[in-house]
Amino acid sequence: MRSDRSASAPLGLKIAAAGGLVFLHVPILLIFLYAFTTEEKSYQFPPPGLTLQWFAVTWNRPDVWEALSLSVRVASIATAIALVLGTLCAAAVSQTRFFGRETISLLVILPIALPGIITGIALRSAFSMAEIPFSIWTIVLGHATFCVVVVYNNAIARFRRISGSLVEASMDLGANGFQTFRHVILPNIGTALLAGGMLAFALSFDEVIVTTFTGGQQSTLPIWMLQELIRPRQRPVTNVVAMVVVLVTFLPILAAYYLTRDGDQIAGSGK
């Protein structure tokens, strides 16, 4: 007798699943298609012709490189901050008991639950009151607010799977706190931190709303793309850049998926 898992899905369910995939991914495929079009002022379907010239044009546009460089720097710094703060918060909430622990946990994850425009307005008001000029650091602080949440959620889920007996055994064998963290805790949470960091980088790299309020006159790559769509100069260049952004953000998310799918296996448990 076949199990329910091996039974074939109904035809209607297959059609619905295929329709959902088409709805989600056809617009992305159109971005890829229009990166090769010979028409630079409008979207004609089918494209009048295909060319690779826009890749060379994009490569030689200094404004693209400036925006890309800023996005990479902001995402890297925001991810580094998130890895430190998110891991420390997760360790404190999961490994200790104190009054208000659940409230603190709620406050940590609140920024990602709030609409981005609320976070952006709040940060802009705070920077204005403190007379802090807009710079790369104001963008980093804005992005770190939600990047911390991503790392925290990954780390706390893994911390809760670590048996307390592993830490106690390490201490009984004479290891100090740093040695216990390095040889016991870090191997258990390492893949969760790596996955959280990759997701945080991807979120920061393509953030628009918070950046709009905290960037001043600076343009990260998503802001540059938005400006190009409003005032198009060479429309296919925007599609080439969009294709690169899709690839840059897709690869970390894919890697994070493969790193966390076996997260229920804890190093040292059962030894």
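None of these values were measured; they are calculated from a predicted model. (Residues numbered from 1 in each chain as written. Predicted model: local features only at pLDDT ≥ 70, side-chain atom pairs only at ≥ 80, totals over all residues. Heavy atoms only, no water.)

**A word on the packing of helix H5 (residues 116-129) against helix H6 (residues 136-159)**
It is at 11 Å that the axes of H5 and H6 come closest, and there the two elements cross at 140°. Judged by the inter-axis angle, H5 sits oblique to H6. For the pair H5 and H6, the crossing hand works out as right-handed. Facing Thr119, Leu123 and Phe127 of H5, the residues of H6 in contact are Thr138, Leu141, Gly142 and Thr145. (Axes fitted to C-alpha atoms, helices over the stretch in contact; angles between N-to-C directions. Helix = DSSP H or I, 4+ residues; strand = E, 2+ residues; numbered from the N terminus. Parallel < 35°, antiparallel > 145°, perpendicular 65-115°, else oblique. Left-handed = near helix turned anticlockwise from the far one by under 90°. Contact = heavy atoms within 4.5 Å.)

**Looking at the nonpolar core**
Most often, soluble globular proteins have nonpolar side chains that are buried together. Core analysis: the biggest nonpolar cluster contains 25 residues, and Val74, Ala90, Cys147, Tyr152 and Phe159 have the highest contact counts within it. Of all the secondary-structure elements, those providing two or more residues to this core are helix H3 (62-95), H5, H6 and helix H8 (177-205). The greatest single-element share of this core, amounting to eleven residues, is contributed by H6. Excluding anything up to four places from it in sequence, Tyr152 contacts Gly86, Cys89, Ala90, Val93, Ser105, Val108 and Ile109. In this structure, Trp54, Val64, Trp224 and Val245 belong to the second largest nonpolar core, which totals 15 residues. (Core = buried A, V, L, I, M, F, W, Y, C linked by side-chain atoms within 4.5 Å. Buried < 20%, exposed > 50% of the residue type's maximum accessible area, 1.4 Å probe, protein only.)

**Digging into the packing of helix H4 (residues 101-113) against H6**
The geometry of H4 relative to H6 is characterised by a closest axis approach of 7 Å and an angle of 125° between their N-to-C directions. Between H4 and H6, the crossing angle belongs to the class labelled oblique. Crossing handedness for the pair H4 and H6: left-handed. Mapping the contact onto sequence places Ser105, Val108, Ile109, Pro111 and Ile112 in H4 and Thr145, Phe146, Val149, Val150, Tyr152 and Asn153 in H6. Tallied by class, the residues present in the contact of H4 with H6 amount to eight nonpolar, three polar and no charged. (Nonpolar A, V, L, I, M, F, W, Y, C, P; charged D, E, K, R; others polar.)

**Observations regarding H4**
With 13 residues, H4 ought to run about 18 Å at 1.5 Å a step, and its terminal C-alpha atoms sit 19 Å apart, in line with that. At Leu107, H4 shows its strongest bend, of approximately 25°, with the proline Pro111 following within four residues. Along H4, the positions that sit buried rather than exposed are Arg101, Ser105 and Val108. (Expected span 1.5 Å × (residues − 1). Bend = angle between axes of the 7 residues up to and from the residue.)

**Details of helix H1 (residues 11-34)**
Here H1 contains 24 residues, and its C-alpha end-to-end distance of 34 Å stays within 8% of the 34 Å for a straight helix at 1.5 Å per residue. At His25, H1 shows its maximal bend, which comes to roughly 35°, and the proline Pro27 appears one to four places after that position.

**Section: the environment of Val237**
Tracing the sequence through the fold places Val237 in helix H11 (residues 235-260). Excluding anything up to four places from it in sequence, Val237 contacts Trp54, Val57, Thr58, Arg61, Val64 and Trp224.

**Details of the pattern of salt bridges**
What the rule picks out here adds up to one salt bridge. Across the pair Asp63 and Arg61 runs a salt bridge whose closest N-O atoms are separated by 2.9 Å. (Salt bridge = Lys/Arg side-chain N within 4 Å of Asp/Glu carboxyl O.)

**Observations regarding the packing of aromatic side chains**
A full pass over the atoms with the stated rule returns two aromatic pairs. Ring geometry for Trp59 versus Trp65: centroids 5.0 Å apart, planes at 90°, classification edge-to-face. With 6.1 Å between their ring centres and 20° between their planes, Phe201 and Phe205 make a pair best called stacked. Taken together, the residues span about one helical turn, with Phe201 and Phe205 both in helix H8 at a distance of four residues. On the basis of relative accessibility, which here comes to 21%, the residue Phe201 falls in the partly exposed class. (Phe/Tyr/Trp six-rings, centres within 6.5 Å; stacked < 30°, edge-to-face > 60°.)

**Quick word on the side chain of Thr138**
Mapped onto the elements, Thr138 comes out in helix H6. Given the relative accessible area of 1%, Thr138 is considered buried. Not counting residues up to four positions away in its chain, the partners in contact with Thr138 are Phe127, Ile132, Pro133 and Thr214.

**Overview of the environment of Thr212**
Checked against the element boundaries, Thr212 lands in helix H9 (residues 209-214). A sequence separation of 95 residues divides Thr212 from Ile117, and the C-alpha atoms of the two residues are 9.1 Å apart. Residues contacting Thr212, with those up to four places away along its chain left out, are Arg124 and Ile223. Here Val208 takes part through its backbone oxygen, which lies 2.8 Å from a polar atom of the side chain of Thr212. (Polar contact = N/O pair within 3.5 Å; in protein donor to acceptor, adjacent residues only side chain to side chain.)

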